[in-house]
Amino acid sequence: MAIDIHWIRDNDSLGQFCAEWQHLPFVALDTEFMRVDTFYPIAGLLQVGDGQRAYLIDPLTIDNWQPLAELLENPAVVKVVHACSEDLEVLLRLTGSLPAPLFDTQLAAAYLNLGFSMGYSRLVQEVLGIELPKGETRSDWLQRPLSETQVSYAAEDAVHLAQVFGQLRAKLSDDKYRWVLEDGAELVANLRREVDPNEVYRDAKLAWKLSRAQLAVLRELCAWREREARARDLPRNRIVREHALWPLARTQPDTLSALAKIEDMHPRTVRQDGEFLLDLIKRTAKLGPEQWPPALPEPLPIEASALLKRLKAVGQAEAERLDIAPEVMLRKKTLESLLKSGFPNGPYQLPDSLRGWRRELMGQALLDSLATAGEQP
């Protein structure tokens, strides 16, 4: 099938088309980008589909993104994406805005029990019966001119995404449609809350094993790495490798040769930032107990796995009743937070991460499940 392709290569054309799209019920959005040696994604192409045509926007020749920002923020136009977390980063970096309302076709497929975490090609095959050619995902999207294969791949994406939306929307009940948009709003909210560098240490592997004094060092190391990755626009592991952070905080080397012996410490890091890291560790080690972070809770013990299973069963029963893929019901992290709030003897508290329709439909059932587990001999 021949696809009607429109190129948008200047600010005026982008403004003109965005003004037209403001009157549509929805637009399909996709992005192609490069992110090999950088912290931030570099946009190579933006695709917009309206159901009939594919519009290819060249971010290398446009510098006024205000019209697109206004479209993204227009609550009357649904923005349709597929598995969009990185697309959202690209849009935020380019326009300073994020799409709302947001409809993710991967989520919608799970709500219709077609499958969880479905790849785009498989979804197009499942919903439209069209077999897409093998992707151009490893292409150089910053090269110009783009190859014919790249152009047709990008255009097909935009057109088919709009068609997939039409099919999925027709099958979703009003409730499920609302839930897909709720989940989309949560994705956007999570991205808006920029990571606080001083909180990154909490997610470091094995951080709970460190003393409070060692945690203070880990906190400073993680915060510095996060800030430097952004400032230098380099992947975090190019600043300090992930697996080097914990042994650094635990052993606190005080010479360059000791630093070089740290597990997974790259020689380049020792050369470029070694003296700074030694100084940072030395300074942080002098902090008094009142400046140490609180100890981190240990992971749940193995005895909690039976309770975790009980809680998962609540989600599975509800998934069966609603004909939804069970994986989207209750996130493991949420269930673990619930258990940590009162393990082993309660009382338990629903965590903030259990929100919206999930809290409404399953919150009480989860608490009841824990209460009855406690009553069993």
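How each quantity is defined
Residues numbered from 1 in each chain as written. Predicted model: local features only at pLDDT ≥ 70, side-chain atom pairs only at ≥ 80, totals over all residues. Heavy atoms only, no water. UniProt positions renumbered as here; feature names shortened; annotations may be inferred. Helix = DSSP H or I, 4+ residues; strand = E, 2+ residues; numbered from the N terminus. Salt bridge = Lys/Arg side-chain N within 4 Å of Asp/Glu carboxyl O. Buried < 20%, exposed > 50% of the residue type's maximum accessible area, 1.4 Å probe, protein only. Phe/Tyr/Trp six-rings, centres within 6.5 Å; stacked < 30°, edge-to-face > 60°. Lys NZ or Arg CZ within 6 Å of the ring centre and 35° of its normal. Pairing = 2+ DSSP bridges.

Per an unreviewed UniProt entry, the protein goes by Ribonuclease D and derives from Pseudomonas sessilinigenes. Check the Catalytic activity (unreviewed entry) section of the UniProt entry for the protein; it says "Exonucleolytic cleavage that removes extra residues from the 3'-terminus of tRNA to produce 5'-mononucleotides."

Caption draft 1: A look at unusual backbone geometry. Going from Ala100 to Pro101, the amide bond is cis rather than trans, its omega being -5°. Considering the arrangement of structural elements, one finds Pro101 in the loop between α3 (85-95) and β6 (102-104). Residues Phe343 and Pro344 are joined by a peptide bond in cis, for which omega reads 5°. As for its position among the elements, Pro344 is in the loop between α14 (332-340) and α15 (356-375). A positive phi angle, close to 60°, is found at Asn113, a residue other than glycine.

Caption draft 2: Examining the pattern of salt bridges more closely. A full pass over the atoms with the stated rule returns 22 salt bridges. With a closest N to O distance of 3.2 Å, Arg219 and Glu220 form a salt bridge. Across the salt bridge formed by Asp273 and Arg232, the nearest N and O atoms sit 3.0 Å from each other. Here Asp273, found in helix α12 (residues 267-285), pairs with Arg232, found in helix α8 (residues 212-232); they are 41 residues apart in sequence, far enough to count as distant. On the basis of relative accessibility, which here comes to 9%, the residue Asp273 falls in the buried class. Bridged by salt links that share partners, the residues Glu194, Glu226, Arg230 and Arg236 form one connected network.

Caption draft 3: Just the packing of aromatic side chains, in detail. Tallying each qualifying case throughout the model produces 12 aromatic pairs. Plain terms: the ring middles of Phe26 and Phe165 are 4.7 Å apart, the flat faces sit at 50° to each other, and that makes the pair tilted. Of this pair, Phe26 sits in strand β2 (residues 26-34) while Phe165 sits in helix α6 (residues 148-171), placing them 139 residues apart in sequence. Chaining the aromatic ring pairs together yields one cluster made of Phe26, Phe103, Phe165 and Tyr177. Its end group placed over the ring of Tyr40, Arg93 keeps NZ or CZ at 3.7 Å from the ring centre. A cation over an aromatic ring shows up here: Arg169 above the ring of Tyr177, its NZ or CZ 3.6 Å from the ring centre.

Caption draft 4: Structural context of the pairing of strand β3 (residues 42-49). The buried fraction of β3 amounts to seven of the eight residues, a majority that puts the element mostly inside the structure. As defined by bridge partners, β3 adjoins strand β4 (residues 53-57) across four bridges and the pair is classed as antiparallel. Bridging from a neighbouring strand, Leu46 pairs with Ile57 of β4. Turn length for the β3-β4 hairpin, with the two strands adjacent in sequence and antiparallel, is three residues, and the turn residue Gly51 shows positive phi of about 105°.

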